[in-house]
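# Observations on the model geometry
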Amino acid sequence: MDNNAALKSRLEKLSPEQRTALLQQISRLREQRQQQGDQQQRPAQDQRPLPGSRYPLSLAQRRLWMLSELGSEASAAYNIVSAFCFDKSLAPERLQRAWRSVLANHEVLRSSFGQHDGKLYQVPRDADQWCLQQQTLIPDTDVETQLVALASAEAGRAFDLHRDWLLRVIYCVADTG
C-alpha cells in the first residue's frame, strides 16, 4: 500500500470530531508557516546594516581589497562594463531612482572599505546619496565610437574602495546640436 492510500485509509477511520480537530490543527499550522514565511521574505528594517556602521569584510571583499592594494590594474580586473542604447528618451531621474532602489537592497554595492588597527571593515552608505553620472556626447562624432571609448576607459578605471561607490552608471545623451 502506498503512502497516499495508507493516509486515506487512516483518515476514513477518524470520527467526525477527530477530523474537525485535525483540520483545525492543519489550518493553524498553515497560518503559522505563512506568517513565518512572510517574516523571512521581508527583511526587518533593524536587520539591515545601518549607514555609517562598521561591519567586517566578507572573504570576497577581502580579495577585492587585496587586489586594490596591488594596484589599479589588478583591481580593475573585477570591473564589468556594459552599455545599453535606448530608442526612446529615458528620464535620468527615474533611472537614478531605480539604481538607488537596487543599492538600498545590496549593502555590498554601497559600502566603502576602511582599515583601523590592522582590521578591515566596510561602512554601508545611504543609497540616496548615490548619483547617476551624466555625459553629453560630442556632436558630429560617431556615437558608437564615443561609447566604446568611454566603456574602455571605465573598464580600466579602478575603484577607490575608500571613497567610490562600487557601482558606476553613466547616462549618455547624444547632443543633436
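The structure under discussion appears in the preceding block.
Here the structure is a predicted model, which is why all the values come from computation and not from measurement. (Residues numbered from 1 in each chain as written. Predicted model: local features only at pLDDT ≥ 70, side-chain atom pairs only at ≥ 80, totals over all residues. Heavy atoms only, no water.)

## A look at the overall build of the chain
The helix and strand tally for the chain stands at 6 helices and 5 strands. Along the chain, from the amino end to the carboxyl end, the secondary structure elements read α-α-β-α-α-α-β-β-β-α-β. Scaling as 2.2 N^0.38, a compact globule of 177 residues should have a C-alpha radius of gyration of about 16 Å, whereas the chain reaches 27 Å, well beyond that. On the principal axes, the C-alpha backbone points of the chain span a range of 85 × 50 × 35 Å. Within the chain, the fraction of its 177 residues that count as buried is 23%. (Helix = DSSP H or I, 4+ residues; strand = E, 2+ residues; numbered from the N terminus. Rg over C-alpha atoms; globule rule 2.2 N^0.38 Å. Buried < 20%, exposed > 50% of the residue type's maximum accessible area, 1.4 Å probe, protein only.)

## A short note on the state of the cysteines
Using the criterion set out here, one finds 0 disulfides in the structure. Here C172 stays unpaired: no disulfide links it, and the sulfur of C85, its closest cysteine neighbor, is 8.9 Å away. Its relative accessible area of 24% is what places C172 among the partly exposed residues. (Disulfide = S-S within 2.5 Å.)

## Some words on the pairing of strand β4 (residues 133–137)
Along any regular strand, the residues point their side chains to alternate faces of the sheet. Of the pairings in the sheet, the one linking β4 to strand β5 (residues 170–174) comprises 5 bridges and is parallel in character. Residue pairing across strands places Q133 opposite I170, the latter belonging to β5. Handedness of the β4-helix α6 (residues 143–156)-β5 crossover: right-handed. (Pairing = 2+ DSSP bridges. Right-handed = clockwise from strand over helix to strand, strands pointing away.)

## What about the side chain of Q96?
Mapped onto the elements, Q96 comes out in helix α5 (residues 92–105). On the basis of relative accessible area, Q96 is assigned to the buried category, the value being 19%. Filtering out sequence-adjacent residues up to four positions away, Q96 remains in contact with W130, C131 and L132. (Contact = heavy atoms within 4.5 Å.)

## Brief notes about the nonpolar core
If you look at the biggest cluster of nonpolar residues, it comprises 9 residues: L95, L103, A127, W130, L132, W165, L167, V169 and Y171. Apart from residues no more than four positions distant in its own chain, L167 is found in contact with W99, L103, L109, W130 and F159. The next biggest cluster of nonpolar side chains, apart from the first, holds 8 residues, and it includes L57, W65, F113 and L161. (Core = buried A, V, L, I, M, F, W, Y, C linked by side-chain atoms within 4.5 Å.)

## Observations concerning the environment of L109
Structurally, L109 is set in the loop between α5 and β2 (111–116). C-alpha of L109 to C-alpha of T20: the two residues are 89 residues apart in sequence and 52 Å apart in space.

## Some words on helix α3 (residues 59–70)
If you check α3, its first and last C-alpha atoms are 17 Å apart, about what 12 residues at 1.5 Å a residue would give, namely 16 Å. Among the residues of α3, Q61, L64, W65 and S68 are the ones counted as buried. The arc enclosing the buried residues of α3, seen along the axis, measures out at 100 degrees, which places them on a common side. Pointing more than 90 degrees away from the buried face of α3 are the exposed residues L59, M66, E69 and L70. Of the surrounding secondary structure, the elements contacted by the buried residues of α3 are β1 (55–56), α4 (72–75), β2 and β3 (119–124). (Expected span 1.5 Å × (residues − 1). Arc of directions from axis to C-beta.)

## Let's talk about the layout of surface pockets
Approximately 1,400 Å³ is the volume found for the largest pocket. Lining the largest pocket are 39 residues, and of these S82, A83, R168, V169 and I170 sit closest to its centre. When contributions to the lining of the largest pocket are tallied by element, the ones reaching two or more residues are α3, α5, α6 and β5. Of the residues contributing to the lining of the largest pocket, the split by class is 30 nonpolar, 6 polar and 3 charged. (1 Å grid on protein atoms, 1.4 Å probe; cavity = no way out; pocket = protein on both sides within 12 Å on 5 of 7 lines; lining within 4 Å. Points joined across faces, edges and corners; volume = space filled by probe spheres on them. Nonpolar A, V, L, I, M, F, W, Y, C, P; charged D, E, K, R; others polar.)

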